[in-house]
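Per-entry structural report
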Amino acid sequence: MATSAGLLLPLLLLGQPWAGAGAPGEAVVCAGNACYTAHWGKLSAAEAQSHCSKNGGNLATVKSEEEAWHIQRALAQLLELEEALEARMGKFWIGLQREKGKCLDSSLPLKGFSWVGGGEDTLYTNWNREVRSSCISRRCVSLLLYLSLPSHASHLPKWSEGPCGSPNSPGSNIEGFVCKFSFKGMCQPLALGGPGRVEYRTPFQATSSSLDTVPFASVANVACGDGDEGREHYFLCKEKASDVFDWGSSGPLCVSPKYGCSFNNGGCQQDCFEGGDGSFRCGCRPGFRLLDDLVTCASRNPCSSSPCKGAATCVLGPHRKNYTCLCPQGYQLDSSQQDCVDVDECQDSPCPQQCVNTPGGFHCECWVGYEPRGPGEEACQDVDECAPGHSPCAQRCTNTDGSFYCSCKEGYVLAKEDGTQCLDVDECEGLEHGLCEGLCLNTQGSFRCSCLPGWELGPDGVSCTTGSTSLAPQTGPPQGEDMGDREGNLVYSSTISRPTRDSEGTSKEASTMKSPSLPSEAPTTLTVPDMLAHSGPPGEWMEPSTHHPKATTDGGENMDEDSMSKQSDNGTDGQKLLLFYILGTVVAILLLLALALGLLVYRKRKAKREEEKEKKPQNAADSYSWAPERAENRALENQYSPTPGTDC
């Protein structure tokens, strides 16, 4: 029987079902150095993995398209064993899982999932749809299969991810699972030169009478027939030399002179030559040699069968009896020593900053805030983000190693949004700070002080001293920064004193919150809300003034009248204008009150007229009233009543 290790292998139903899963059977296929078994059973992913591990395996990996075809054929053979399967979708667990707390990584082919048996990330995938982004629960992958499709289905089963299930709830549409068992080598199946039967017992407790490759440590039971019945032979697949496995038998088994080469080609792999006495022997074609089992042929050039895969190349060994697979630069041999995998050069930290691994190589990159020193150079240098014309800061920029930070000039604070813009500080907003003794005017990046009429700004730019000033803000430059084109906000200070009048009519100073440090004999100005303050007998209002109405010295003597008159003449046009505005406002308010009062009187009169109309009589009789009866008529009714003016 001719065989080829590179062909996909047929499947065989094993006679003993797994009672734990309640399945009627299982199918097995062996290829390369692994065997795959397909099982029925509504189990959770953990229970399926436990069943596979009891026999030395794991849930199956699907790391290549070739491996996917092996599993697809095993599942197809399993479905052929069932009769009248309903047309529905079934799922079979494989060994691809993502643990709880590990999130989706869309940049990787496996999306953050990993194989149960370990191993590197693989490029082959066959997702049914986009993987759900979830980190809060464990996720497992199963193969989607239409249970009613024939065994020769040409499409590979898709991957579906979902919850891993539990013992009482294995998952939606879960029908079974696929196991994989890996071995260090395989034996070729035993060749029968005559009637007989071979039964193989694998290390993972699978029994089959027909396998194209038999895993290492399997036992073969050969029973020959046709005159040799009752005789049984036992063979063990063992390692004869490095990577060489055979049964330890020579020549075909169950040879019968009756059939010669006519039965199964005499058990020979290639050519069968008969002798004159009914005997025969096996031979090989040109370019091949007969192996020690006297049945199997091997190429004299070990590389003729292309044993190396992928990017690996086959190199003949000494005397052309063996070979070695070599990988190109940037790759190394995998565990099978026949295929190449990429070498992660970044593990040796060859770059000064960041290393990016690529297939067969790597390249260096700079961290954020750095740039290469020159074209093709790996060394990195700091990027000056504060260079003229490139600064992201609104005012001041300070470059640091790999980064930068922004700051603001005095009178500004850094905005919290992006840390690059500056906002003006309103120094006049909190009057409790007492920045100015009089008026406070906020400007862009600074502030300025001013004083009420009758006061003037002191040399320090903050305090107010006696003198003739205008209410308008000073025209000179503000304190600190230039105010530019923006207008400030005028704020009244809470530290100005106001006059009050005692019970005898003399004026005294009453300070609110903070009182400016002024000479005791200096006149005190009024803030705007106090300009109309009532300070005299009822019905009299005090005229606004820039000085205290009546000031006394410590000795109790009155101030000279000439001095008082001189200070009174120092009133400014601004003070008169302010008084005019206030009086005009009062007159307008009085006019509005008079208009409202007239409207109210008119409405009341109108309502009274309407009420009189409603009480007006409806006919002529309503205007009359009944007169009382005459006295004489009442006297006739009682003749005994005394008459007026007489005695009883």
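Here is what the cut-offs are and how they apply
Residues numbered from 1 in each chain as written. Predicted model: local features only at pLDDT ≥ 70, side-chain atom pairs only at ≥ 80, totals over all residues. Heavy atoms only, no water. Helix = DSSP H or I, 4+ residues; strand = E, 2+ residues; numbered from the N terminus. Buried < 20%, exposed > 50% of the residue type's maximum accessible area, 1.4 Å probe, protein only. Contact = heavy atoms within 4.5 Å. Areas by Shrake-Rupley, 256 points an atom, 1.4 Å probe, with all protein chains shown as cover. Pairing = 2+ DSSP bridges. Patch = residues over 30% accessible without salt bridge, like charges linked within 9 Å, V, L, I, M, F, W, Y side chains within 5 Å. Salt bridge = Lys/Arg side-chain N within 4 Å of Asp/Glu carboxyl O. Lys, Arg positive; Asp, Glu negative; His and termini not counted. Charge placed at Lys NZ, Arg CZ, Asp CG, Glu CD. UniProt positions renumbered as here; feature names shortened; annotations may be inferred. Arc of directions from axis to C-beta. Disulfide = S-S within 2.5 Å. Phe/Tyr/Trp six-rings, centres within 6.5 Å; stacked < 30°, edge-to-face > 60°. pLDDT = per-residue confidence, 0-100. Expected span 1.5 Å × (residues − 1).

1. A short note on the overall build of the protein
- Across its full length, the protein carries five helices and 40 strands.
- Burial analysis of the protein (648 residues in total) assigns 35% to the buried set.
- Within the protein, contacts between residues at least 6 apart in sequence are counted, and of these 50% link residues at least 24 apart.
- Carbon together with sulfur atoms contributes 52% to the accessible area of the protein, which is approximately 39500 Å² in total.

2. Description of the pairing of strand 5 (residues 89-98)
- With nine of its 10 residues buried, strand 5 lies for the most part within the structure.
- Bridging between strand 5 and strand 7 (residues 139-146) involves seven bridges; their strand directions are antiparallel. Bridging from a neighbouring strand, arginine 98 pairs with arginine 139 of strand 7.
- Alignment of strand 5 against strand 9 (residues 174-182), held across three bridges, turns out to be parallel. By the bridge assignment, phenylalanine 92 is partnered in strand 9 with glycine 176.
- Relative to strand 6 (residues 114-115), strand 5 is paired through two bridges, and the arrangement is antiparallel. Note that in strand 6 the partner of leucine 96 across the bridge is tryptophan 115.

3. Quick word on the sheet that holds strand 15 (residues 232-236)
- The strand order across the open sheet built from four strands is 12-11-14-15, with neighbouring strands paired in antiparallel fashion. The sheet terminates laterally at strand 12 (207-208) and strand 15, the two strands that pair on one side only.
- As paired strands, strand 11 (residues 196-201) and strand 12 are joined by two bridges and run antiparallel to one another. The residue bridging arginine 201 from the neighbouring strand is threonine 207, located in strand 12.

4. Let's talk about a positive patch on the surface
- A cluster of like positive charges, contributed by Arg603, Arg605, Lys606, Arg609 and Lys613, occupies part of the molecular surface.
- Mapped onto the elements of the fold, arginine 609 is located in helix 4 (residues 573-614).

5. A closer look at unusual backbone geometry
- The backbone of lysine 111 shows a phi angle near 60°, a positive value even though the residue is not glycine.
- Positive phi values are uncommon outside glycine, yet glutamine 205 reaches one of about 65°.
- The topology assignment puts glutamine 205 in the loop between strand 11 and strand 12.

6. Digging into the pairing of strand 22 (residues 313-316)
- Here four bridges tie strand 22 to strand 23 (residues 323-326), and the two strands are oriented antiparallel to one another. By the bridge assignment for strand 23, threonine 313 is matched with leucine 326.

7. Comments concerning the environment of glutamate 378
- Mapped onto the elements of the fold, glutamate 378 is located in the loop between strand 28 (370-372) and strand 29 (380-382).
- Accessibility expressed as a relative area gives 43% for glutamate 378, which makes it partly exposed.
- With near-sequence residues (within four places) excluded, glutamate 378 lies in contact with Pro350, Pro352 and Cys364.

8. What to know about the UniProt feature "domain: EGF-like" (unreviewed entry) in the protein
- The sites that UniProt annotates as "domain: EGF-like" (unreviewed entry) are residues 299-337, 342-376 and 382-423.
- Across residues 299-337, helical content stands at 0% and strand content at 31%; the span's end C-alpha atoms are separated by 20 Å.
- Taken as a whole, residues 342-376 contains 0% helix and 40% strand, while its terminal C-alpha atoms sit 24 Å from one another.

9. Some points on helix 1 (residues 45-54)
- Listed as buried for helix 1 are Ala45, Ala48, Gln49, His51 and Cys52. Each buried residue of helix 1 lies within a common arc of 160° when the element is viewed along its axis, so the set occupies one face.
- Against strand 3 (34-40), strand 4 (58-59), strand 5, strand 7 and strand 9 lie the buried residues of helix 1.
- Following helix 1 by one or two positions, glycine 56 has its phi on the positive side, about 90°.

10. Considering the state of the cysteines
- Within this structure, the stated rule accounts for 21 disulfides.
- For cysteine 52, the disulfide goes to cysteine 179, at an S-S distance of 1.8 Å. Disulfide cysteine 52-cysteine 179: the torsion about the S-S bond is -70°, which places it as left-handed. Of the two residues, cysteine 52 is situated in helix 1 and cysteine 179 in strand 9; the sequence distance between them amounts to 127 residues.
- Exposure remark for cysteine 52: the relative accessible area of 0% places this residue in the buried category.
- Note on cysteine connectivity: cysteine 284 is disulfide-linked to cysteine 297, with sulfurs 1.9 Å apart.

11. Some points on the pattern of salt bridges
- In this structure the tally under the stated criterion is six salt bridges.
- The closest approach of N and O atoms between arginine 139 and glutamate 161, which form a salt bridge, is 2.9 Å. Taken together, the residues span a long stretch of sequence, with arginine 139 in strand 7 and glutamate 161 in strand 8 (residues 158-163) at a distance of 22 residues. Across the pair, exposure class does not vary: arginine 139 and glutamate 161 are buried alike.
- Notably, a salt bridge pairs aspartate 292 with lysine 240, separated by 2.5 Å at the nearest N-O pair. A residue pair is termed long-range when its members are at least 10 positions apart, and aspartate 292 in the loop between strand 20 (288-290) and strand 21 (297-299) and lysine 240 in strand 16 (residues 238-241) qualify at 52 residues.

12. Here we look at the packing of aromatic side chains
- A complete count under the given rule lists 12 aromatic pairs for this structure.
- Look at tryptophan 127 and tryptophan 159: their rings are 5.3 Å apart centre to centre, the planes differ by 80°, and that puts the pair in the edge-to-face class. Taken together, the residues tryptophan 127 in the loop between strand 6 and strand 7 and tryptophan 159 in strand 8 connect sequence positions 32 residues apart.
- The buried category is assigned to tryptophan 159, whose relative accessible area is 1%.
- A ring pair is formed by phenylalanine 580 and tyrosine 581, whose centres lie 6.2 Å apart and whose planes are at 55°; its orientation type is tilted.

13. Notes on the confidence of the model for the protein
- Scored by pLDDT, the protein comes out at a mean of 75, with 71% of its residues at no less than 70.
- Between residues 469-571, whose pLDDT stays under 50, and residues either more than four places distant or in other chains, the model counts 172 contacts.
- Predicted confidence is poor over residues 631-638, with pLDDT under 50, and the contacts of this stretch with residues over four places away or in other chains come to one contact.

14. Re helix 2 (residues 65-80)
- Along its 16 residues, helix 2 runs 23 Å from first to last C-alpha, staying within 8% of the 22 Å computed at 1.5 Å per residue.
- Burial in helix 2 covers these residues: Glu67, Ala68, His70, Ile71, Gln72, Ala74, Leu75, Ala76, Gln77, Leu78 and Leu79.

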